[in-house]
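# Tertiary structure, described
Each chain is listed here by its residues.
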Amino acid sequence: MLDWLLKRSQVSMGRAMNSGFPLIPVGQGGFLAGTHVASSLGWRPVEALMAGDKVLTFDHGMQTIVELQRETILPGEGELEPARCPLLVPRDALMNRVPLWLMPDQGVLLESELVEDALGDPFAVVPACALEGYRGIRRMHPGAQLDLVTPRFAQDQVIYLEAGMLGFSAAPRDLMCGRVYQEESAYRVLPPEEARGLVLSLMAEDEHWTAPGAALAGAEYQPTLS
(Lines give C-alpha, C1' and ligand atoms only; values in the text may rest on other atoms or scores of the structure.)
Protein backbone atom coordinates (compact mmCIF):
# COMPACT_ATOMS: atom_id res chain seq x y z
CA MET A 1 0.00 0.00 0.00
CA LEU A 2 2.81 2.42 0.83
CA ASP A 3 4.33 2.17 -2.66
CA TRP A 4 0.96 3.07 -4.15
CA LEU A 5 0.59 6.06 -1.86
CA LEU A 6 4.04 7.31 -2.80
CA LYS A 7 3.20 7.05 -6.49
CA ARG A 8 0.04 9.09 -5.91
CA SER A 9 1.98 11.79 -4.09
CA GLN A 10 4.99 11.65 -6.47
CA VAL A 11 7.49 11.69 -3.61
CA SER A 12 10.47 9.45 -2.99
CA MET A 13 10.66 6.67 -0.42
CA GLY A 14 13.49 8.56 1.28
CA ARG A 15 11.38 11.65 1.80
CA ALA A 16 8.48 9.57 3.09
CA MET A 17 10.68 7.99 5.74
CA ASN A 18 12.36 11.25 6.78
CA SER A 19 10.26 13.87 8.56
CA GLY A 20 13.26 15.28 10.42
CA PHE A 21 12.42 13.22 13.52
CA PRO A 22 12.12 9.47 14.07
CA LEU A 23 8.66 8.14 13.29
CA ILE A 24 7.01 6.26 16.14
CA PRO A 25 3.85 4.12 16.19
CA VAL A 26 0.58 4.95 17.88
CA GLY A 27 1.13 4.30 21.59
CA GLN A 28 -0.19 5.55 24.89
CA GLY A 29 -0.44 9.11 23.63
CA GLY A 30 -2.53 11.25 25.90
CA PHE A 31 -4.38 14.54 25.55
CA LEU A 32 -2.94 17.68 27.08
CA ALA A 33 -4.82 19.43 29.85
CA GLY A 34 -7.06 22.11 28.42
CA THR A 35 -8.13 20.00 25.45
CA HIS A 36 -11.94 19.89 25.31
CA VAL A 37 -13.73 16.56 24.85
CA ALA A 38 -17.37 16.05 23.84
CA SER A 39 -19.16 14.45 26.80
CA SER A 40 -22.68 13.92 28.12
CA LEU A 41 -22.16 17.17 30.05
CA GLY A 42 -21.08 19.14 26.98
CA TRP A 43 -17.55 20.15 26.06
CA ARG A 44 -15.35 19.35 29.05
CA PRO A 45 -11.61 19.85 29.61
CA VAL A 46 -10.08 16.40 29.51
CA GLU A 47 -8.55 16.87 32.97
CA ALA A 48 -12.05 17.37 34.45
CA LEU A 49 -13.26 13.94 33.33
CA MET A 50 -13.50 10.99 35.71
CA ALA A 51 -14.06 7.25 35.45
CA GLY A 52 -17.79 6.69 34.99
CA ASP A 53 -18.30 9.81 32.85
CA LYS A 54 -19.72 9.33 29.37
CA VAL A 55 -17.92 10.63 26.29
CA LEU A 56 -19.22 10.93 22.74
CA THR A 57 -17.45 8.51 20.40
CA PHE A 58 -17.23 8.49 16.63
CA ASP A 59 -18.83 5.09 16.04
CA HIS A 60 -20.55 4.03 19.26
CA GLY A 61 -22.38 7.04 20.68
CA MET A 62 -21.89 7.80 24.37
CA GLN A 63 -19.41 5.43 26.01
CA THR A 64 -18.37 5.16 29.66
CA ILE A 65 -14.80 5.89 30.70
CA VAL A 66 -13.46 2.85 32.57
CA GLU A 67 -10.21 4.50 33.67
CA LEU A 68 -8.10 7.62 33.21
CA GLN A 69 -4.35 7.64 32.96
CA ARG A 70 -2.57 10.82 34.06
CA GLU A 71 1.04 11.79 33.50
CA THR A 72 3.08 14.95 34.00
CA ILE A 73 6.13 15.70 31.87
CA LEU A 74 8.59 18.43 32.83
CA PRO A 75 10.29 19.41 29.57
CA GLY A 76 12.97 21.66 31.06
CA GLU A 77 15.23 23.71 28.82
CA GLY A 78 16.97 22.70 25.63
CA GLU A 79 15.86 20.17 23.06
CA LEU A 80 13.28 17.55 23.94
CA GLU A 81 13.60 13.84 23.28
CA PRO A 82 11.96 13.35 19.84
CA ALA A 83 9.56 10.75 21.20
CA ARG A 84 8.25 13.30 23.73
CA CYS A 85 8.39 16.52 21.73
CA PRO A 86 4.74 17.55 21.14
CA LEU A 87 3.27 18.89 17.92
CA LEU A 88 1.33 22.13 17.66
CA VAL A 89 -1.80 21.77 15.54
CA PRO A 90 -3.01 25.13 14.17
CA ARG A 91 -6.67 26.01 14.28
CA ASP A 92 -8.77 24.16 11.68
CA ALA A 93 -5.87 21.96 10.52
CA LEU A 94 -7.78 18.85 11.65
CA MET A 95 -11.23 20.43 12.11
CA ASN A 96 -10.16 21.69 15.55
CA ARG A 97 -11.75 25.01 16.53
CA VAL A 98 -8.69 26.17 18.48
CA PRO A 99 -4.96 25.41 18.30
CA LEU A 100 -3.95 22.40 20.36
CA TRP A 101 -0.99 20.17 21.20
CA LEU A 102 -0.59 16.47 20.42
CA MET A 103 1.98 14.00 21.65
CA PRO A 104 3.91 12.28 18.83
CA ASP A 105 2.41 8.84 19.56
CA GLN A 106 -1.17 10.07 19.92
CA GLY A 107 -3.41 8.48 17.31
CA VAL A 108 -5.58 10.66 15.05
CA LEU A 109 -8.36 9.34 12.81
CA LEU A 110 -8.14 10.59 9.22
CA GLU A 111 -10.63 10.17 6.40
CA SER A 112 -9.36 9.80 2.85
CA GLU A 113 -10.19 7.81 -0.25
CA LEU A 114 -6.50 6.91 -0.29
CA VAL A 115 -6.98 4.55 2.65
CA GLU A 116 -10.11 2.77 1.48
CA ASP A 117 -9.67 -0.96 1.89
CA ALA A 118 -11.57 -3.87 0.42
CA LEU A 119 -14.55 -2.99 2.59
CA GLY A 120 -14.57 0.59 1.37
CA ASP A 121 -13.61 2.06 4.76
CA PRO A 122 -12.00 5.49 4.17
CA PHE A 123 -10.75 5.89 7.77
CA ALA A 124 -7.41 5.09 9.35
CA VAL A 125 -5.58 6.00 12.57
CA VAL A 126 -2.15 7.60 12.19
CA PRO A 127 0.36 8.70 14.85
CA ALA A 128 0.55 12.47 15.25
CA CYS A 129 4.28 12.39 14.42
CA ALA A 130 3.35 11.42 10.85
CA LEU A 131 1.39 14.68 10.48
CA GLU A 132 4.43 16.94 10.74
CA GLY A 133 4.33 19.52 7.94
CA TYR A 134 0.66 18.90 7.12
CA ARG A 135 -1.38 22.13 7.20
CA GLY A 136 1.14 23.85 9.44
CA ILE A 137 1.44 21.07 12.03
CA ARG A 138 4.92 21.25 13.55
CA ARG A 139 6.93 20.16 16.57
CA MET A 140 7.58 22.86 19.12
CA HIS A 141 8.94 23.13 22.64
CA PRO A 142 5.85 23.75 24.83
CA GLY A 143 7.78 25.93 27.26
CA ALA A 144 5.91 24.53 30.26
CA GLN A 145 5.06 21.22 31.90
CA LEU A 146 2.81 18.84 30.03
CA ASP A 147 -0.14 17.38 31.93
CA LEU A 148 -1.45 14.42 29.95
CA VAL A 149 -4.80 12.70 30.47
CA THR A 150 -5.91 9.60 28.58
CA PRO A 151 -9.49 8.36 28.95
CA ARG A 152 -9.83 4.62 28.39
CA PHE A 153 -12.91 2.66 27.39
CA ALA A 154 -13.87 -1.01 27.34
CA GLN A 155 -13.05 -1.03 23.62
CA ASP A 156 -10.86 1.07 21.37
CA GLN A 157 -12.70 4.30 20.65
CA VAL A 158 -12.31 7.52 18.70
CA ILE A 159 -13.52 10.64 20.50
CA TYR A 160 -14.29 14.20 19.48
CA LEU A 161 -11.79 16.91 20.43
CA GLU A 162 -12.29 20.66 20.07
CA ALA A 163 -15.38 20.44 17.83
CA GLY A 164 -14.30 18.13 15.01
CA MET A 165 -10.90 16.58 15.56
CA LEU A 166 -10.94 12.79 16.09
CA GLY A 167 -8.56 11.35 18.69
CA PHE A 168 -7.88 7.64 19.15
CA SER A 169 -8.11 6.08 22.61
CA ALA A 170 -6.93 2.50 22.96
CA ALA A 171 -8.58 0.16 25.44
CA PRO A 172 -6.54 -0.71 28.57
CA ARG A 173 -3.82 -3.28 28.03
CA ASP A 174 -2.17 -5.85 30.24
CA LEU A 175 1.51 -6.26 29.39
CA MET A 176 1.44 -9.90 30.49
CA CYS A 177 -1.83 -11.01 28.94
CA GLY A 178 -2.35 -8.57 26.08
CA ARG A 179 -5.46 -6.48 25.72
CA VAL A 180 -7.82 -6.81 28.66
CA TYR A 181 -11.15 -6.09 27.05
CA GLN A 182 -10.85 -7.11 23.41
CA GLU A 183 -8.62 -9.05 21.05
CA GLU A 184 -8.54 -6.77 18.01
CA SER A 185 -9.02 -3.08 17.39
CA ALA A 186 -12.07 -1.97 15.48
CA TYR A 187 -9.89 0.69 13.85
CA ARG A 188 -7.22 0.41 11.22
CA VAL A 189 -4.03 1.70 12.87
CA LEU A 190 -1.34 2.39 10.27
CA PRO A 191 2.34 1.72 11.03
CA PRO A 192 4.50 4.88 11.05
CA GLU A 193 5.98 4.56 7.55
CA GLU A 194 2.64 3.84 5.93
CA ALA A 195 1.05 6.69 7.88
CA ARG A 196 3.75 9.08 6.68
CA GLY A 197 3.16 7.99 3.09
CA LEU A 198 -0.54 8.73 3.48
CA VAL A 199 0.12 12.17 4.95
CA LEU A 200 2.52 13.04 2.12
CA SER A 201 -0.21 12.06 -0.34
CA LEU A 202 -2.67 14.33 1.47
CA MET A 203 -0.12 17.16 1.36
CA ALA A 204 0.29 16.63 -2.38
CA GLU A 205 -3.47 16.83 -2.84
CA ASP A 206 -3.63 20.07 -0.87
CA GLU A 207 -0.84 21.51 -3.01
CA HIS A 208 -2.68 20.49 -6.17
CA TRP A 209 -5.91 22.22 -5.21
CA THR A 210 -4.18 25.38 -3.99
CA ALA A 211 -1.82 25.65 -6.97
CA PRO A 212 -2.28 28.71 -9.23
CA GLY A 213 -4.84 27.94 -11.91
CA ALA A 214 -6.46 25.03 -10.09
CA ALA A 215 -9.53 27.02 -9.07
CA LEU A 216 -9.71 28.65 -12.51
CA ALA A 217 -9.55 25.30 -14.23
CA GLY A 218 -12.45 24.11 -12.14
CA ALA A 219 -14.44 27.25 -12.84
CA GLU A 220 -14.01 26.84 -16.61
CA TYR A 221 -15.58 23.39 -16.62
CA GLN A 222 -19.20 23.47 -17.74
CA PRO A 223 -21.26 20.28 -18.07
CA THR A 224 -23.17 19.84 -21.31
CA LEU A 225 -26.71 18.56 -21.61
CA SER A 226 -27.32 15.62 -23.92
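Please read these numbers as outputs of a predicted model, since none were measured by experiment.

## As for the pattern of salt bridges
- Inspection of the entire model under this criterion finds six salt bridges.
- Between Arg139 and Glu132 there is a salt bridge whose closest N-O contact spans 3.4 Å. This pair shows no difference in class: Arg139 is buried, exactly as Glu132 is.
- Arg135 is the salt-bridge partner of Asp206, the closest N and O atoms lying 2.9 Å from each other. You can see Asp206 sitting in helix α3 (residues 192-210) and its partner Arg135 sitting in the loop between β10 (123-127) and β11 (138-139), a full 71 residues away along the chain.
- Overall, Asp206 belongs to the partly exposed group, its relative accessible area being 26%.

## A short note on the packing of aromatic side chains
- Counting across every chain of the model gives three aromatic pairs.
- With centroids separated by 6.3 Å and ring planes inclined at 55 degrees, the aromatic side chains of Phe58 and Tyr160 adopt a geometry described as tilted. In this pair, Phe58 is assigned in the loop between β4 (54-57) and β5 (61-64) and Tyr160 in strand β13 (residues 157-161), connecting sequence segments 102 residues apart.
- What makes Phe58 partly exposed here is its relative accessible area of 25%.
- Between the aromatic rings of Phe168 and Tyr187, the centroid separation amounts to 6.1 Å while the plane-to-plane angle is 80 degrees, which identifies the pairing as edge-to-face. Of this pair, Phe168 sits in strand β14 (residues 165-169) while Tyr187 sits in the loop between β16 (178-179) and α3, placing them 19 residues apart in sequence.
- A relative accessible area of 10% means that Tyr187 is categorised as buried.
- Ring pairing ties together the aromatic residues Phe58, Phe123 and Tyr160, which thus form one cluster.
- For the cation-ring pair, Arg97 lies above Trp43, with the distance from its terminal atom to the ring centre recorded as 4.9 Å.

## Details of unusual backbone geometry
- Notably, Met95 is not glycine yet its phi reads approximately 65 degrees, a positive angle.
- For Met95, the position within the fold is in the loop between β7 (87-89) and β8 (100-102).
- In this structure, Glu162 is a non-glycine residue whose phi angle is positive, near 45 degrees.
- Mapped onto the elements of the fold, Glu162 is located in the loop between β13 and β14.

## Examining the nonpolar core
- Membership of the largest hydrophobic core comes to 35 residues, with the highest contact counts inside it found for Leu94, Leu110, Leu131, Tyr134, Ile137 and Leu198.
- At the level of elements, β7, β8, β9 (107-111), β10, β13 and α3 are the ones that each hand at least two residues to this core.
- The dominant element in this core, judged by the number of residues it contributes, is α3, at six residues.
- Setting aside its immediate chain neighbours within four residues, Leu131 contacts Leu94, Val108, Leu110, Val126, Ile137, Arg196 and Val199.
- Of all hydrophobic cores here, the second largest spans eight residues; its members include Val26, Val125, Val158 and Leu166.

## A short note on a negative patch on the surface
- Negative charge collects at one region of the surface, where Asp59, Glu111, Glu116 and Asp121 lie side by side.
- If you trace the backbone, Asp59 turns up in the loop between β4 and β5.
- For Asp59, a relative accessible area of 45% corresponds to the partly exposed category.

## Considerations on the side chain of Thr57
- The residue Thr57 is located in strand β4 in this model.
- Engagement of the side chain of Thr57 in a polar contact is seen with the backbone oxygen of Gly61, the distance being 2.7 Å.
- Ignoring sequence-local partners within four residues, the contact set of Thr57 consists of Gln63, Gln157, Val158, Ile159 and Tyr160.

## Comments concerning the side chain of Asn96
- Position of Asn96 relative to the elements: it lies in the loop between β7 and β8.
- Taking the relative accessible area as the measure of exposure, Asn96 reaches 0% and is therefore buried.
- Only 3.4 Å separates the side chain of Asn96 from the backbone nitrogen of Ala93, close enough to count as a polar contact.
- From its side chain, Asn96 meets the backbone oxygen of Val98 in a polar contact 2.8 Å long.
- Non-local contacts of Asn96, meaning those with residues more than four positions away in its chain, are made with Val89, Pro90, Arg91, Glu162 and Met165.

## Some points on the confidence of the model for the protein
- Taken as a whole, the protein shows an average pLDDT of 82; of its residues, 77% reach a score of 70 or greater.
- Across residues 177-182, where pLDDT falls below 50, the model places 15 contacts with residues more than four positions away in sequence or in other chains.

Conventions adopted
- Residues numbered from 1 in each chain as written.
- Predicted model: local features only at pLDDT ≥ 70, side-chain atom pairs only at ≥ 80, totals over all residues.
- Heavy atoms only, no water.
- Salt bridge = Lys/Arg side-chain N within 4 Å of Asp/Glu carboxyl O.
- Buried < 20%, exposed > 50% of the residue type's maximum accessible area, 1.4 Å probe, protein only.
- Helix = DSSP H or I, 4+ residues; strand = E, 2+ residues; numbered from the N terminus.
- Phe/Tyr/Trp six-rings, centres within 6.5 Å; stacked < 30°, edge-to-face > 60°.
- Lys NZ or Arg CZ within 6 Å of the ring centre and 35° of its normal.
- Core = buried A, V, L, I, M, F, W, Y, C linked by side-chain atoms within 4.5 Å.
- Contact = heavy atoms within 4.5 Å.
- Patch = residues over 30% accessible without salt bridge, like charges linked within 9 Å, V, L, I, M, F, W, Y side chains within 5 Å.
- Areas by Shrake-Rupley, 256 points an atom, 1.4 Å probe, with all protein chains shown as cover.
- Lys, Arg positive; Asp, Glu negative; His and termini not counted.
- Charge placed at Lys NZ, Arg CZ, Asp CG, Glu CD.
- Polar contact = N/O pair within 3.5 Å; in protein donor to acceptor, adjacent residues only side chain to side chain.
- pLDDT = per-residue confidence, 0-100.

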